[in-house]
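Below, each chain spelled out in residue letters.
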Amino acid sequence: MSWAAHQFEGYVLQRHFGERYTVSYLAIVAGDAAPDFFAKAWVYGVTINGHHYGSSDPATFHRSWPGAGFTHSLAFGVLLAALLWWAARRRRWAVPWALGIVIGQWAHAITDINDSKGTMLLFPLTKHNFSIGTWAYGAQVGKYHDAAAYFSSFGFVMDVTWFLVVVLLMRHVLTRRYFEGVVRPSDPAAWTWLSRRLPEEALVALYRSMFVYGVARVIAWTTYAHAIAHFRWDLHWGGPNWLAKVSPSTQTWPWLIAGIVGVTAVLGAFRQLALQPHRRSVPAHSVPAMPSMTERASRGQSVTMPSNPVATAEAMPPRLWIQQ
Amino acid sequence: MGVDRAVPAEGALTASGQWGRRDLIVYPLAVVTYVLLGLAWKPLLNWVLGPIWVVVVAGVLPSSLHRLVGRER
């Protein structure tokens, strides 16, 4: 499994898909959280008065069938999106949310092939777990040791890489201007609903919260693993070797090729059938930015801003607000 | 020329309209407090409470304090 990667990848997906298609960022986050939301609590379980309530075989329950492994399949994302779309089909947000759910859930399922257990990407066509074994799966040893193993292995490198991708290549997605210009107009219903309950600053904080939480998560667990519990680093492929491992999924060339072909076909079909009809006429980042208030004031222009951000976003094309 | 109530609070926007002084305080504060509290009591380090903590520390509390201070003045 991946830890902070699931928080950071949402911004990369927003950058890639949210600027080209009408996709809800909140739905990407919900979709990305969905697989573990439905499976993780029972994987780790809880101990009350000495009795452990949870799965006796966490790895199998988490990633296989019978069990909750179907939550990490591509089909599960489609199923969730279809249910949500059907329930909300008369609402304007139905499509942006359905697309976001699929994108987020697929990102989670594909990211998790990095651990040694892998995911049943093509379930129910096959129960095979696809894995590239970058680091060892560790839920069977409990949450804290699992975290320590992950943040001692290439999992740590994975999270830091996602962090650097966001910060170095697309940090503009974390700006207020991007939030107001791209994210909010793509999902006005949800953000308007939230704006009636939270102050404006909290809406921006909510949008940034996954990134900030991801940073906090990496710092906290890495500190725990190496400064407090003194676990050893092991940056070898499939590490850490000190972890009591579950049997890795069997991988062969035919399965690898089948996985690549299958996933590519599914992604291509999704792009053509679901995304293309909802492509923005102009990518959200292609038009020069609106000058800042300071710049406008220095030119003697008005710095008055309307009081309704949603109305503003509708009246003014979102792309005008973006600053790279 | 007027500036109405939708203009973000002072410090919220820099000249480039991206990260402001207040942001550079409240977001690191959210990270540091979450890490310290989480390490003190690890069950806090979960993916439900984490984002909520960030929203409260970086979003809700500053706005509430800003309103409170403004009212006292």
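Every value quoted in this text rests on a predicted model; they were computed, and no experiment measured them. (Residues numbered from 1 in each chain as written. Chains lettered and ligands numbered in written order. Predicted model: local features only at pLDDT ≥ 70, side-chain atom pairs only at ≥ 80, totals over all residues. Heavy atoms only, no water.)

**Structural notes on the overall build of chain B**
- Summing up its helical and strand segments, chain B has two helices and zero strands in all.
- Relative to its full complement of 73 residues, chain B shows a buried share of 36%.
- For chain B, long-range pairs separated by at least 24 residues make up 32% of all intrachain contacts whose partners lie at least 6 apart in sequence.
- Accessible area for chain B stands at about 4400 Å²; split by element, carbon and sulfur atoms hold 68% of it. (Helix = DSSP H or I, 4+ residues; strand = E, 2+ residues; numbered from the N terminus. Buried < 20%, exposed > 50% of the residue type's maximum accessible area, 1.4 Å probe, protein only. Contact = heavy atoms within 4.5 Å. Areas by Shrake-Rupley, 256 points an atom, 1.4 Å probe, with all protein chains shown as cover.)

**Comments concerning the overall build of chain A**
- When helices and strands are counted, chain A shows 13 helices and two strands.
- A separation threshold of at least 6 residues defines the contact pool for chain A, and within that pool the share at least 24 residues apart is 73%.
- Accessible surface computed for chain A: about 14400 Å², of which carbon and sulfur atoms make up 66%.

**A short note on the confidence of the model for chain A**
- Averaged over all residues, the pLDDT of chain A is 89; the fraction at 70 or higher stands at 88%.
- For residues 306-324 of chain A, every residue scores under 50 in pLDDT, and the model assigns this stretch 49 contacts once sequence neighbours within four places are set aside. (pLDDT = per-residue confidence, 0-100.)

**Comments concerning a nonpolar patch on the surface**
All names here are of chain A.
- Taken together, Trp253, Leu256, Ile257, Ile260 and Val261 make up a surface patch of nonpolar side chains, about 540 Å² in accessible area.
- With respect to the helices, strands and loops of the structure, tryptophan 253 is situated in helix H11 (residues 253-275).
- With relative accessibility at 64%, the residue tryptophan 253 sits in the exposed group. (Patch = residues over 30% accessible without salt bridge, like charges linked within 9 Å, V, L, I, M, F, W, Y side chains within 5 Å. Salt bridge = Lys/Arg side-chain N within 4 Å of Asp/Glu carboxyl O.)

**Quick look at the pattern of salt bridges**
All names here are of chain A.
- Applying the stated criterion across every chain yields a total of ten salt bridges over all chains.
- In this structure, the salt-bridge partner of arginine 184 is glutamate 200, at a minimum N-O distance of 3.1 Å. Note that arginine 184 is positioned in helix H8 (residues 176-186) and glutamate 200 in helix H10 (residues 200-228), a separation of 16 residues in sequence.
- Assessed through its relative accessible area of 4%, arginine 184 is described here as buried.

**Things to note about the packing of helix H1 (residues 5-18) of chain A against helix H7 (residues 154-169) of chain A**
Residue and element names in this part refer to chain A.
- Direction vectors running N to C along H1 and H7 enclose 25°, while the axes themselves pass 9 Å from each other. When the axes of H1 and H7 are compared, the pair comes out roughly parallel. Pair H1 / H7 crosses with left-handed handedness. Listed contacts from H7 to Ala5, Phe8, Glu9, Tyr11 and Val12 of H1 are Met158, Asp159, Trp162, Phe163, Val165 and Val166.
- Looking at the contact of H1 with H7 residue by residue, the class counts come to nine nonpolar, no polar and two charged. (Axes fitted to C-alpha atoms, helices over the stretch in contact; angles between N-to-C directions. Parallel < 35°, antiparallel > 145°, perpendicular 65-115°, else oblique. Left-handed = near helix turned anticlockwise from the far one by under 90°. Nonpolar A, V, L, I, M, F, W, Y, C, P; charged D, E, K, R; others polar.)

**A word on empty space enclosed by the protein**
Residue and element names in this part refer to chain A.
- Here the structure, examined in full by the defined rule, presents one cavity of 30 Å³ or more.
- Of the voids in this model, the largest cavity is the one considered here, and its volume is about 40 Å³.
- What lines the largest cavity is Met1, Trp3, Asp115, Trp135, Ala136, Tyr137, Gly138, Asp146, Ala149 and Tyr150.
- Of the residues that constitute the lining of the largest cavity, the class distribution is seven nonpolar, one polar and two charged. (1 Å grid on protein atoms, 1.4 Å probe; cavity = no way out; pocket = protein on both sides within 12 Å on 5 of 7 lines; lining within 4 Å. Points joined across faces, edges and corners; volume = space filled by probe spheres on them.)

**Observations concerning the side chain of arginine 208 of chain A**
- By the secondary structure assignment, arginine 208 of chain A is in helix H10.
- Classification of arginine 208 of chain A by relative accessible area gives buried; the value is 0%.
- Side chain to side chain, arginine 208 of chain A and aspartate 23 of chain B meet in a polar contact 3.3 Å long. (Polar contact = N/O pair within 3.5 Å; in protein donor to acceptor, adjacent residues only side chain to side chain.)

**Here we look at the packing of helix H5 (residues 94-111) of chain A against H11 of chain A**
Residues and elements named next belong to chain A.
- Axis separation between H5 and H11 bottoms out at 12 Å; the angle between their running directions is 165°. One way to sum up the angle between H5 and H11 is to call them roughly antiparallel. Our pair here, H5 against H11, has a crossing hand that is left-handed. Touching Leu99, Val102, Ile103, Trp106 and Ile110 of H5 are Val263, Val266, Leu267, Phe270, Ala274 and Leu275, all from H11.
- Residue composition of the contact of H5 with H11, by class: eleven nonpolar, no polar and no charged.

**Brief notes about the environment of serine 55 of chain A**
Residue and element names in this part refer to chain A.
- With respect to the element layout, serine 55 can be found in the loop between strand E2 (51-53) and helix H3 (58-63).
- With twelve residues separating them in the primary sequence, serine 55 and valine 43 have C-alpha atoms 5.6 Å apart.
- What serine 55 contacts, discounting residues up to four positions off in sequence, is Trp42 and Phe61.
- In terms of polar contacts, serine 55 uses its side chain to reach the backbone amide nitrogen of aspartate 57, at 3.1 Å.

**What about the packing of aromatic side chains?**
Residues and elements named next belong to chain A.
- Enumeration according to the criterion identifies 31 aromatic pairs over all chains in this entry.
- Here tryptophan 65 and phenylalanine 70 contribute two aromatic rings whose centre-to-centre distance is 5.9 Å and whose plane-to-plane angle is 80°, an arrangement assigned as edge-to-face.
- Judged by its relative accessible area of 28%, phenylalanine 70 falls in the partly exposed class.
- Taken together, a centroid distance of 5.3 Å and an interplanar angle of 45° make the contact between tryptophan 65 and phenylalanine 123 tilted. Note that tryptophan 65 is positioned in the loop between H3 and helix H4 (74-87) and phenylalanine 123 in the loop between H5 and helix H6 (143-150), a separation of 58 residues in sequence. (Phe/Tyr/Trp six-rings, centres within 6.5 Å; stacked < 30°, edge-to-face > 60°.)

**Here's the deal with the nonpolar core**
All names here are of chain A.
- Tyr11 and Tyr207 are the most contacted members of the largest nonpolar core, which totals 85 residues.
- Tallying contributions element by element places H10 first for this core, with 15 residues.
- Non-local contacts of tyrosine 207, meaning those with residues more than four positions away in its chain, are made with Tyr11, Gln14, Tyr25, Val173, Leu174, Tyr178, Phe179, Val183 and Trp191. (Core = buried A, V, L, I, M, F, W, Y, C linked by side-chain atoms within 4.5 Å.)

**What about unusual backbone geometry?**
All names here are of chain A.
- Here tryptophan 65 and proline 66 are connected by a cis peptide whose omega angle stands at 5°.
- Within the fold, proline 66 resides in the loop between H3 and H4.
- In the segment running from phenylalanine 123 into proline 124, the intervening peptide bond is cis, with an omega of 5°.
- Tracing the chain through its elements places proline 124 in the loop between H5 and H6.
- The residue histidine 230 is not glycine, and still its phi comes out positive at about 55°.
- Mapped onto the secondary structure, histidine 230 falls in the loop between H10 and H11.

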